[in-house]
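Below are the chains, spelled out letter by letter.
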Amino acid sequence: MRIVAHELHRYRLPYLRPVRWFNSVEDEGEFVLLRITGESGARGVAEAPVKATWGGLSSRALIALVEDLLLPSLAAVDVSDLGAVREALAIYPDNQLAKMLVVNACAVLAAASRGEWPWQPAGSGVTGVEVSWCVTRQPPAAMAEEAAAMTARHGFSTLKVKGGQGFETDRAVLRAVRRAVGDEVTLTVDANGAYGVDDARDYLRLLADEGVAIAEDPIPFRPDETFSRLVADSALPLLVDSSCVTARDAAAFINRGATAIS
């Protein structure tokens, strides 16, 4: 199946309040959406968040990469074969965000042509996808208030709590959130690599003591012996996120003992 048409859209969605990430503050989200049409008339769609401090691209740069390089490289490719899609895009180094946008749109197109959702392959028995709410950095009381409001309003049973505000503040946040939402809600913590290697074991113990289920990027992870030891010694599972960008990265971390990757 070949791509016969495409559309690219960029747009901004305002937030209810400013959101503080580990490396930036923003009051809106910017996105690029790609829609592709196959020969059968089926369509695939994918969306990419545009954050310069994460992906190193503006929306205009992302659109130019997709239109000038990536889509032309697929002109003669059967895009229902995702392996062939990835191979065609691999001639261009880096630019993982742009490649992700194209590959995801092709995956949705291939599934749509079979009458499936991409997350619900035939015979899988999958009937839904679990979701969580991300509670971003604020003072502890404000984070607890938001956690309570979102679980009550929408029924979230898992919260991803942003850490990295210092040991004592993170502990205060977790205790305030737990009081606000009760024991039935699962808490994970993403510290965005805010802590150093020497702090890792103490921080993981803190999270385990506060009933956290998964620790995401407590330190900047590398697929090395230090990571292997930390996985072996950790009181809770570790999730590798920011340093796992490609399948090759994932394989390297798995070889070092990783049990969860994003």
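This text goes with the structure placed above it.
Everything numeric here is computed off the predicted structure, so don't read it as measured data. (Residues numbered from 1 in each chain as written. Predicted model: local features only at pLDDT ≥ 70, side-chain atom pairs only at ≥ 80, totals over all residues. Heavy atoms only, no water.)

Novice: Which residues make up the environment of Ala144, and what values go with them?
Specialist: The residue Ala144 is located in helix α5 (residues 140–154) in this model. Ala144 sits in the buried class, given a relative accessible area of 9%. C-alpha of Ala144 to C-alpha of Arg178: the two residues are 34 residues apart in sequence and 7.8 Å apart in space. Excluding anything up to four places from it in sequence, Ala144 contacts Ala176, Val177 and Ala180. (Helix = DSSP H or I, 4+ residues; strand = E, 2+ residues; numbered from the N terminus. Buried < 20%, exposed > 50% of the residue type's maximum accessible area, 1.4 Å probe, protein only. Contact = heavy atoms within 4.5 Å.)

Novice: Tell me about the packing of α5 against helix α6 (residues 167–181), and name the residues and values.
Specialist: Viewed as axis vectors pointing N to C, α5 and α6 meet at an angle of 30°, and their least axial separation amounts to 8 Å. Taken together, the axes of α5 and α6 lie roughly parallel to each other. Considering only the axes of α5 and α6, their crossing is right-handed. Of α6, the residues touching α5 (which contributes Pro140, Met143, Ala144, Ala147, Ala148 and Thr151) are Thr169, Ala172, Val173, Ala176, Val177, Ala180 and Val181. Taken together, the residues of the contact of α5 with α6 sort by class into eleven nonpolar, two polar and no charged. (Axes fitted to C-alpha atoms, helices over the stretch in contact; angles between N-to-C directions. Parallel < 35°, antiparallel > 145°, perpendicular 65-115°, else oblique. Left-handed = near helix turned anticlockwise from the far one by under 90°. Nonpolar A, V, L, I, M, F, W, Y, C, P; charged D, E, K, R; others polar.)

Novice: How would you sum up the environment of Leu109? Please name residues and give values.
Specialist: Locating Leu109 in the fold gives a position in helix α4 (residues 96–113). With residues up to four places along the chain from it excluded, the contact list for Leu109 reads Met1, Ile36, Gly38, Ala42, Arg43, Gly44 and Val79.

Novice: Go over α4 with me, naming the residues and quoting the values.
Specialist: Here α4 contains 18 residues, and its C-alpha end-to-end distance of 25 Å stays within 8% of the 26 Å for a straight helix at 1.5 Å per residue. Every buried residue belonging to α4 is among Leu97, Ala98, Lys99, Leu101, Val102, Val103, Ala105, Cys106, Leu109, Ala110 and Ala111, and all of these are buried. In this structure, the buried residues of α4 make contact with β1 (3–20), β2 (25–38), β3 (43–49), α2 (59–70) and α3 (82–89). (Expected span 1.5 Å × (residues − 1).)

Novice: Give me the lowdown on the packing of α6 against helix α7 (residues 200–209), citing residues and values where you can.
Specialist: Two elements in contact, α6 and α7, have axes whose closest approach is 10 Å; the angle formed by their N-to-C orientations is 15°. One finds that α6 runs roughly parallel with respect to α7. Here α6 runs over α7; the crossing is right-handed. Listed contacts from α7 to Phe167, Asp170, Arg171 and Leu174 of α6 are Asp202, Tyr203, Leu206 and Leu207.

Novice: With reference to specific residues and values, describe the sheet that holds strand β8 (residues 238–239).
Specialist: Taken in spatial order, the five strands of this open sheet run β4-β5-β6-β7-β8, and their pairing is parallel. Of all strands in the sheet, those with a lone pairing partner are β4 (133–135) and β8, marking the two edges. Direction of pairing for β4 relative to strand β5 (residues 158–162): parallel, over a ladder of three bridges. Directly across from Val135, in β5, lies its bridge partner Val161. Where α5 meets the sheet, its contacts fall on β4 and β5, and the angle it forms with β4 comes to roughly 165°. (Pairing = 2+ DSSP bridges.)

Novice: Explain the nonpolar core residue by residue, including any values.
Specialist: Of all hydrophobic cores here, the largest spans 34 residues; its most connected members are Leu159, Val161, Leu174, Val177, Leu207 and Phe221. Within the residue set of this core, elements represented by two or more residues are α5, β5, α6, β6 (186–190), α7, α8 (225–233) and α9 (247–255). With residues near it in sequence (within four places) discarded, Val177 still touches Met143, Ala144, Ala147, Leu159 and Leu187. In this structure, Val32, Leu34, Leu71 and Leu74 belong to the second largest nonpolar core, which totals 30 residues. (Core = buried A, V, L, I, M, F, W, Y, C linked by side-chain atoms within 4.5 Å.)

Novice: Explain a nonpolar patch on the surface to me, using residue names and the numbers behind them.
Specialist: A contiguous nonpolar patch, built from Trp117, Trp119, Val129 and Val131 and spanning about 450 Å² of accessible area, is present on the exposed surface. Looking at the secondary structure, you find Trp117 in the loop between α4 and β4. (Patch = residues over 30% accessible without salt bridge, like charges linked within 9 Å, V, L, I, M, F, W, Y side chains within 5 Å. Areas by Shrake-Rupley, 256 points an atom, 1.4 Å probe, with all protein chains shown as cover. Salt bridge = Lys/Arg side-chain N within 4 Å of Asp/Glu carboxyl O.)

The analysis is restricted to geometry; functional conclusions fall outside its scope.
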